[in-house]
Amino acid sequence: MKKSLIFCVLITAALTVSAETIEQDGIRYWINFAKKTASIERLMFDKVTDEVYTLPSTVRYEDEDYTVTAIMKKGLTNGRTNKVCTKIIVPPSIVSFDVSTFFDFANVKEIVLPPNLTTIPSSAFAQCKSLETIVIPEGVTEIGDRAFTGCQALKSIVIPNSVKNIYSNAFEGTSIKELVLPNSMDKIPFGAFGGMKKLQKIVIPASVEEIEESAFVGCERLQEVVLPANLKAIKHRTFVGCISLESLVLPENVSAIEPVAFENCSALKQITLPKSLVSIGREAFKGCTELKTIYSYAAIPPALGINPFDCSGLISCDGQIMEGITIYVPNGCAKRYKEAENKPTLTQGWNTLNIVEMNTEPELSANISETLENTHKRLSPSASIKGDMGMITNKYISLYDSYVQQGFSTRTALITYDIQSLIKRLAEIPNPEIVKPLAKELKAAKTTEAQELVFLKYITQNN
């Protein structure tokens with residue numbers, strides 16, 4: 001027991017002396033004796049008198065040199081009150097620094113970062129109002145939230161190919177006008193470019209598959225956005241307050257525009273919706289007062305949330321349809337848009353707008369195929385229902401299975417959609433005058449071609 005106690009005391013003593021805080025030339029260091037390294041614990045920057053100041057890379061203590069590898073939290077202080085230093089050089093030995101390290105160094109115009117840096121921490125350079133020049137080293141993988149917030153003199157920056165994540169409001173309040181993102185990024189995190197009031201253009205690489213919510217909120221001068229081809233959705237509040245954005249073409253894989261996505265994009269005059277689009281969320285275009293033209297290449301009308309066009313160039317705030325607005329849809333699809341079913345809670349729908357057909361032939365997307373398949377699955381259990389509706393549903397399932405075996409074409413998919421809509425209407429509002437003769441004719445139809453002709457006849461009669 002006595003030997004064990006002595007051993008523990010020796011271990012504790014060894015740990016105690018493995019590190020020590022020292023002060024040298026006005027800088028307090030934390031020394032790690034085992035690793036032969038040092039970290040800057042406190043440097044009162046108002047004491048610096050050099051116009052160009054290089055942070056120390058080594059410190060000598062008891063006849064030994066220790067490599068300075070880090071700047072600790074609150075390691076640099078009083079940067080705002082230094083009126084002399086305009087350039088700071090961080091030596092290659094330093095591989096990390098903590099959050100807010102250069103916060104409010106208001107008079108520094110240039111900061112040279114070390115080549116082995118991997119992370120730009122949160123608020124690292126926030127409120128460096130005079131900062132004009134900074135090069136992010138190749139090897140940095142993350143730029144933290146608000147890293148450059150308030151750097152109002154910063155007009156341009158090159159983001160290296162190593163960067164994978166840029167977090168919320170990283171460049172808020174800068175004077176950067178154009179950003180080209182690297183191919184190393186696969187998503188844009190929440191609010192990443194929010195508050196960039198001077199940003200006019202951003203190019204998003206094909207590698208990005210997801211843009212999270214509020215990514216461009218408040219980018220008041222944003223005029224041009226190049227969206228990636230693999231993007232699946234325009235998320236909630238993505239472009240809120242982008243008051244200079246006049247037009248936008250959504251990529252072919254986008255299936256959803258989420259609620260409030262384009263709220264108050266007051267300069268947005270037209271938008272092109274891809275054939276893959278399935279839904280437009282609540283108040284998605286609210287406040288888009290100049291929006292008067294929509295090009296929709298979706299063969300099947302996208303489902304609409306509550307008041308998607310409220311207070312826009314299409315529908316006024318009091319629900320009145322505005323003059324001179326046009327919704328362009330593929331050839332042969334106008335009826336589907338004009339007669340698209342609205343939920344009872346909706347006061348705005350495709351049927352309230354001016355629908356005009358384009359010469360473009362409709363194309364079918366994978367998303368629409370999935371929608372048809374899901375609706376088919378919901379109708380399938382009705383096959384057990386007896387009577388006329390059971391007969392109609394059974395014949396529909398038989399026809400659908402035949403289409404699947406042949407491989408869905410645009411034509412068969414649109415016919416299937418119309419049949420689904422017909423069955424849904426007849427199930428919700430029973431109409432014996434239609435149901436009985438339809439069931440009788442379907443019963444007599446012995447081939448899939450004959451069944452299709454019968455359905456087409458009754459679809460036409462109902463439209």
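Structure first, text after, so check above.
Our subject in this report is the structure included herewith. Residue indices begin from 1 for each chain and proceed along its sequence in written order. Restriction of local features to residues with pLDDT of at least 70 applies here, the model being predicted, together with a cutoff of 80 or more for giving and counting side-chain atom pairs; totals for whole chains, interfaces and linings are based on all residues. Only heavy atoms go into the side-chain values, all of them from the structure, while hydrogens and water stay out.

### Some points on the sheet that holds strand 13 (residues 142–143)
Two pairing modes exist for strands in a sheet, parallel and antiparallel, and in both the strands are linked by backbone hydrogen bonds. Stated formally: For two strands to be treated as a pair, DSSP must find no fewer than two bridges joining them. A run of H or I in DSSP becomes a helix once it reaches four residues, and a run of E becomes a strand once it reaches two; helices and strands are each numbered from the N terminus.
Strands sit in the order 11-13-14 across an open sheet of three strands; the sheet is parallel. Lying at the two open borders of the sheet, with one neighbouring strand each, are strand 11 (119–120) and strand 14 (165–166). Bridge analysis of strand 11 against strand 13 gives two bridges, and the strand direction is parallel. Its bridge partner being in strand 13, Thr119 is matched across the sheet by Glu142.

### Focus: the state of the cysteines
The following threshold applies: Put simply, a disulfide is two cysteine sulfurs that come within 2.5 Å.
The final tally for this structure, using the stated rule, is one disulfide. As a non-bridged cysteine, Cys288 has Cys265 as the owner of its nearest cysteine sulfur, 5.0 Å distant.

### Some remarks on the nonpolar core
Quick reminder of the rule: In these notes, a set of buried Ala, Val, Leu, Ile, Met, Phe, Trp, Tyr and Cys residues joined through side-chain atoms within 4.5 Å is what counts as a nonpolar core. Whether a residue is buried, partly exposed or exposed follows from its accessible area with a 1.4 Å probe, protein chains only, as a fraction of its type maximum: under 20%, in between, or over 50%, in that order. Note on contacts: a residue pair is in contact if any heavy atoms of the two residues lie within 4.5 Å.
Core analysis: the largest hydrophobic core is formed by 110 residues, its most contacted members being Phe125, Phe148 and Phe262. When contributions to this core are tallied by element, the ones reaching two or more residues are strand 2 (27–32), strand 3 (37–44), strand 5 (58–61), strand 6 (64–71), strand 23 (270–273), strand 27 (326–329), helix 2 (334–338) and helix 5 (410–428). Once residues within four sequence positions are removed from consideration, Phe148 is found in contact with Ile120, Phe125, Ile134, Ile136, Ile143, Leu154, Ile157, Ala170, Phe171, Glu172 and Thr174.

### Remarks on helix 6 (residues 432–444)
Given 3.6 residues per helical turn, the α-helix brings residues three or four places apart onto the same face. Our working rule: Given the number of residues in a helix, its expected span is that number minus one, multiplied by 1.5 Å. The arc in question is the one spanned by the directions pointing from the helix axis to the C-beta atoms.
Here helix 6 spans 18 Å end to end across 13 residues, near enough to the 18 Å set by a 1.5 Å rise per residue. Every buried residue belonging to helix 6 is among Ile434, Val435, Leu438, Ala439 and Leu442, and all of these are buried. Take helix 6 and look down its axis: the buried residues cluster within an arc of 115°, on one side only. Facing away from the buried side of helix 6, by more than 90 degrees, are the exposed residues Pro432, Glu433, Lys436, Lys440, Lys443 and Ala444.

### Things to note about the pairing of strand 2
Looking at chain direction, strand 1 (residues 19–24) and strand 2 are connected through six bridges and run antiparallel. Considered in strand 2, the bridge of Ala19 is made with Asn32. Linking strand 1 to strand 2, which pair antiparallel, is a turn of two residues; within it Asp25 sits at a positive phi near 55°. Sheet analysis places strand 2 next to strand 3, joined by six bridges and oriented antiparallel. Residue pairing in the sheet places Ile27 in a bridge with Leu43 of strand 3.

### Describing helix 4 (residues 388–406)
For helix 4, built from 19 residues, the straight-helix expectation of 27 Å at 1.5 Å per residue is met to within 8% by its first-to-last C-alpha distance of 27 Å. If you check which residues of helix 4 are buried, you get Met389, Gly390, Ile392, Thr393, Lys395, Tyr396, Ile397, Leu399, Tyr400, Ser402 and Tyr403. Positive backbone phi, approximately 95°, marks Gly407, located one or two places after helix 4.

### Observations concerning the packing of helix 4 against helix 5
For clarity, the threshold we go by: Between the N-to-C directions of two axes lies an angle of 0 to 180 degrees, each axis being a line fitted to C-alpha atoms and, for a helix, fitted only over the stretch in contact. Our angle categories are set so that under 35 degrees counts as roughly parallel, over 145 as roughly antiparallel, 65 to 115 as roughly perpendicular, and the remainder as oblique. In this scheme the crossing of two helices becomes right-handed for a clockwise turn of the near helix relative to the far one and left-handed for an anticlockwise turn of less than a right angle. All residues other than Ala, Val, Leu, Ile, Met, Phe, Trp, Tyr, Cys, Pro, Asp, Glu, Lys and Arg, Gly among them, are scored as polar; the first ten of these are nonpolar and the last four charged.
The interhelical angle for the contact between helix 4 and helix 5, taken along N-to-C directions, is 165°, at an axis separation of 11 Å. When the axes of helix 4 and helix 5 are compared, the pair comes out roughly antiparallel. The element helix 4 and its partner helix 5 pack so that their crossing is left-handed. Of the residues in helix 5, those touching helix 4 at Met389, Ile392, Thr393, Tyr396, Leu399, Tyr400 and Tyr403 are Thr412, Ile415, Thr416, Ile419, Gln420, Ile423, Leu426 and Ala427. Classifying every residue of the contact of helix 4 with helix 5 by side-chain character gives 11 nonpolar, four polar and no charged.

### Overview of the side chain of Ser175
Short version of the rule: In the analysis that follows, any N or O atom pair within 3.5 Å is treated as a polar contact, provided that within protein one partner can donate a hydrogen and the other can accept it, and provided that, for residues neighboring in sequence, both atoms belong to side chains.
Looking at the secondary structure, you find Ser175 in the loop between strand 14 and strand 15 (178–180). Owing to a relative accessible area of 12%, Ser175 belongs among the buried residues under this scheme. From its side chain, Ser175 meets the backbone oxygen of Gln152 in a polar contact 2.5 Å long. If we skip the residues at most four places from it in the chain, Ser175 touches Cys151, Gln152, Leu154, Lys155 and Lys198.

### Side note on the packing of helix 4 against helix 6
For the pair helix 4 and helix 6, interaxial distance at closest approach is 9 Å and the crossing angle is 50°. Classified by the interaxial angle, the pair formed by helix 4 and helix 6 is oblique. In this structure, the crossing between helix 4 and helix 6 has a hand that is left-handed. Across the interface between the two elements, Asp388, Met389, Met391, Ile392 and Lys395 of helix 4 pack against Val435, Lys436, Leu438, Ala439, Leu442 and Lys443 of helix 6. For the contact of helix 4 with helix 6, the per-class residue count stands at seven nonpolar, no polar and four charged.

### Points about the pattern of salt bridges
Rules: Note on definitions: salt bridges are taken to be side-chain nitrogens of Lys or Arg within 4 Å of carboxyl oxygens of Asp or Glu.
Scanning the entire structure with this criterion turns up 18 salt bridges. As a salt-bridge pair, Lys286 and Glu283 come within 3.8 Å of each other at their nearest N and O atoms. Judged by relative accessible area, which is 23%, Lys286 ranks as partly exposed. The partner of Lys457 in a salt bridge is Glu441, and the shortest N-O contact between them spans 3.0 Å. Of this pair, Lys457 sits in helix 7 (residues 448–462) while Glu441 sits in helix 6; the two residues are 16 residues apart in sequence, bridging distant segments of the chain. Each member of the salt-bridge network shares a partner with another, and the members are Arg282, Glu283 and Lys286.

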